[in-house]
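Given next are the chains, with one letter for each unit.
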Amino acid sequence: MKKLLYFVLILLLISTVCFAAFGCKAKIKSEESYRLYTYDTRLDKFVTMGASLKFGKDFSTFEYTFGEGDLTIFGKVEKTKGPDSYVISCGEEAIALVTERYRQSMVDNGASQAQLDNFDVIASTLTPRAQFFSYGGKLFKGDSVEMFRCPDKDSDAFEGLYHMDSGTDIVRLRGGFVYGEDEDGEYTVKNGRYTVSRDILTIVSLDENGKDRYQNGILMRKRYFMAKITIPTTDTLVGTSFEEQLKSSAFASAINADISEYSGKTIAVLCESFYTNNLK
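For every chain, the first residue of its written sequence is number 1, and the numbers climb from 1 along that sequence. It should be noted that, the model being predicted, local features are given only for residues of pLDDT at least 70 and side-chain atom pairs only at 80 or more, the latter also being counted only at that level, while totals for whole chains, interfaces and linings use all residues. Side-chain calculation: all heavy atoms of the structure are included, whereas hydrogens and water are not.

Asks: Explain the packing of aromatic side chains here, please?
Replies: The geometry of an aromatic ring pair is captured by two quantities: the separation of the ring centres and the angle between the planes. Any Phe, Tyr or Trp ring, taking Trp's six-membered ring, that has another such ring centre within 6.5 Å forms a pair; planes under 30 degrees apart are called stacked, those over 60 apart edge-to-face, and the others tilted. Counted by the stated rule, this structure contains 13 aromatic pairs. Ring centres of Tyr 39 and Phe 46 lie 5.7 Å apart, and the angle between their planes is 65°; on these two criteria the pair is classed as edge-to-face. Of the two residues, Tyr 39 and Phe 46, neither departs from the other in class, the shared state being buried. The interplanar angle of 45° and the centroid separation of 5.3 Å between the aromatic rings of Phe 225 and Phe 274 together place this pair among those described as tilted. Taken together, the positions of Phe 225 in strand 16 (residues 221-230) and Phe 274 in strand 18 (residues 273-276) put the pair 49 residues apart, joining distant regions of the chain. An identical accessibility class is assigned to Phe 225 and Phe 274; each is buried. Accessible area is worked out with a 1.4 Å probe on protein chains only. A residue is then buried under 20% of its type maximum, exposed over 50%, and partly exposed in between. Each helix is a run of H or I in the DSSP string that is no shorter than four residues. Each strand is a run of E no shorter than two, and both are numbered from the N terminus.

Written out as structure tokens, the structure reads:
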């Protein structure tokens, strides 16, 4: 009897520790730089994109920086609870002027075309108003969401049906595999496998024989930051003043187009890039 009681106590202790670890939500911190990272297939790791976001002490202001502080854009911040996000805003003229001058300085200093292309990608995502969603101590924008859950009753679970931001395709993540739709409308076509480590989900593409797919000797895989967003009960995910963001974010546009189905739901999303102050 004592052995059984001891065993039960051990299980309860383990369960308590696991639940506490899982339930602990990291918070966004002020006066710390959150660097932008995206997955590099060739290097098989998340690499910094040379941009960072820092909030002021009271979260009322922000600094968005390129490079090593060579270019910084300042503005105001609005915190929202539904969804959990930070909305930053600044003058449209300021963005255009500062980014144009910085790009010219890069040209004058002999920047390579690859460096210029990288800067253009980051600069194109800057708008007078932008929404940074918060989850697990990291930040991400709507245009980084590549896969997002269908509005099912369990849409906050990471396994289930996902929309792809690039079109109308739907895939199912279940039991370590990614399934596409067959001719009968069932999700039985195994076209990928996935693993989860901490808050990163890795998908490896499979060929028609169920083997890992390679291209030019490189394993075809993608890593994603796993996050969740609670859709507000208003008529849009982002306000109508976010026109530029809606144009660049297939995710935000899709949610707004089907807002009646998503309203009030928490959905799991997979992001190809994110901002963090501690990349492990």
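Asks: Could you clarify how one ought to interpret the side chain of Asp 207 in this entry?
Replies: Mapping Asp 207 onto the fold places it in the loop between strand 13 (200-205) and strand 14 (214-215). Charge assignment in this entry is limited to Lys and Arg as positive and Asp and Glu as negative, and neither His nor the chain termini are counted. When a carboxyl oxygen of Asp or Glu is within 4 Å of a side-chain nitrogen of Lys or Arg, the pair counts as a salt bridge. Buried Asp 207, no salt bridge; nearest opposite-charge side chain is Arg 213, N-O distance 6.0 Å. Any two residues whose heavy atoms approach within 4.5 Å at even a single point are treated as in contact. The residues contacting Asp 207, other than those within four sequence positions of it, are Asp 212 and Arg 213.

Asks: What is the right way to look at the nonpolar core in this model?
Replies: Buried together is how nonpolar side chains tend to be arranged in soluble globular proteins. Take the buried Ala, Val, Leu, Ile, Met, Phe, Trp, Tyr and Cys residues and link them wherever side-chain atoms come within 4.5 Å; each set so joined is a nonpolar core. One finds Leu 53, Phe 55, Tyr 64, Phe 66, Phe 132, Leu 139 and Tyr 275 to be the most contacted residues of the largest nonpolar core, which totals 25 residues. The set of elements that each furnish at least two residues to this core consists of strand 1 (33-40), strand 2 (45-55), strand 3 (61-66), strand 4 (71-80), strand 5 (85-89), helix 2 (92-108), helix 3 (113-124) and strand 6 (129-135). Those residues in contact with Leu 53 that lie beyond four places of it in its chain are Glu 32, Ser 33, Tyr 34, Phe 62, Glu 63, Tyr 64, Phe 132, Leu 139 and Tyr 275.

Asks: What should I look at first to understand the sheet that holds strand 11 (residues 177-181) in this one?
Replies: Strands belonging to one sheet form pairs held by backbone hydrogen bonds; the direction of such a pair is parallel or antiparallel. Reading around the barrel, the 8 strands line up as 8-9-10-11-12-13-16-17 and close back on themselves, with antiparallel pairing between neighbours. For this sheet, the mean inter-axis angle between neighbouring strands, taken without regard to orientation, is 35°. Sitting on the sheet, helix 5 (residues 250-257) touches strand 8 (145-149), strand 16 and strand 17 (266-271), and the angle it makes with strand 8 is about 30°. Should DSSP find at least two bridges between two strands, the strands are regarded as paired. Axes here refer to lines fitted to C-alpha atoms; in helices the fit is confined to the stretch in contact. Angles between the N-to-C directions go from 0 to 180 degrees.

Asks: What should I look at first to understand the pattern of salt bridges in this one?
Replies: According to the stated counting rule, one finds 9 salt bridges in the structure shown. When the shortest N-O distance is used, the salt bridge between Glu 146 and Lys 222 registers 3.1 Å. Taken together, the residues span a long stretch of sequence, with Glu 146 in strand 8 and Lys 222 in strand 16 at a distance of 76 residues. Across this residue pair, the class does not change: Glu 146 and Lys 222 are buried. With its nearest N and O atoms 3.1 Å apart, the salt bridge here joins Lys 222 to Glu 272. Residue Lys 222 is located in strand 16, and its partner Glu 272 is located in the loop between strand 17 and strand 18; the two are separated by 50 residues in the primary sequence.

Asks: Can you help me understand unusual backbone geometry in this one?
Replies: What you tend to see is this: most non-glycine residues have negative phi, and most peptide bonds are trans. Even without glycine at this site, Arg 198 takes up a positive phi of about 55°. Along the chain, Arg 198 falls in the loop between strand 12 (187-197) and strand 13. The phi torsion at Asn 216 lies on the positive side, around 55°, for a residue other than glycine. Mapped onto the secondary structure, Asn 216 falls in the loop between strand 14 and strand 15 (218-219).

Asks: Whenever I open this one, a negative patch on the surface confuses me. Can you help?
Replies: On the surface, Asp 169, Glu 181, Glu 183, Asp 184 and Glu 186 cluster together into a patch of negative charge. Note on placement: Asp 169 falls in the loop between strand 9 (160-164) and strand 10 (170-174). What goes into a patch is any residue over 30% in relative accessible area without a salt bridge, connected to like charges within 9 Å or, for nonpolar side chains (Val, Leu, Ile, Met, Phe, Trp, Tyr), within 5 Å. In short, Shrake-Rupley with a 1.4 Å probe defines the accessible areas, and a residue's cover is counted only from the protein chains shown. Every charge is mapped to an atom, namely NZ of Lys, CZ of Arg, CG of Asp or CD of Glu.

Asks: Sorry if this is basic, but what is going on with the pairing of strand 7 (residues 138-141) here?
Replies: Look at any regular strand and the pattern is simple: side chains alternate between the two faces of the sheet. Every second residue of strand 7 is oriented toward a common face, with Lys 138 and Phe 140 on one face and Leu 139 and Lys 141 on the other, all of them buried. Bridge count for strand 6 against strand 7 is 4 bridges, and the pairing is antiparallel. Each bridged residue has a counterpart across the sheet, and for Tyr 135 the counterpart in strand 7 is Lys 138. Counted along the chain from strand 6 to the antiparallel partner strand 7, the turn is 2 residues long, and its residue Gly 136 has a positive phi close to 60°.

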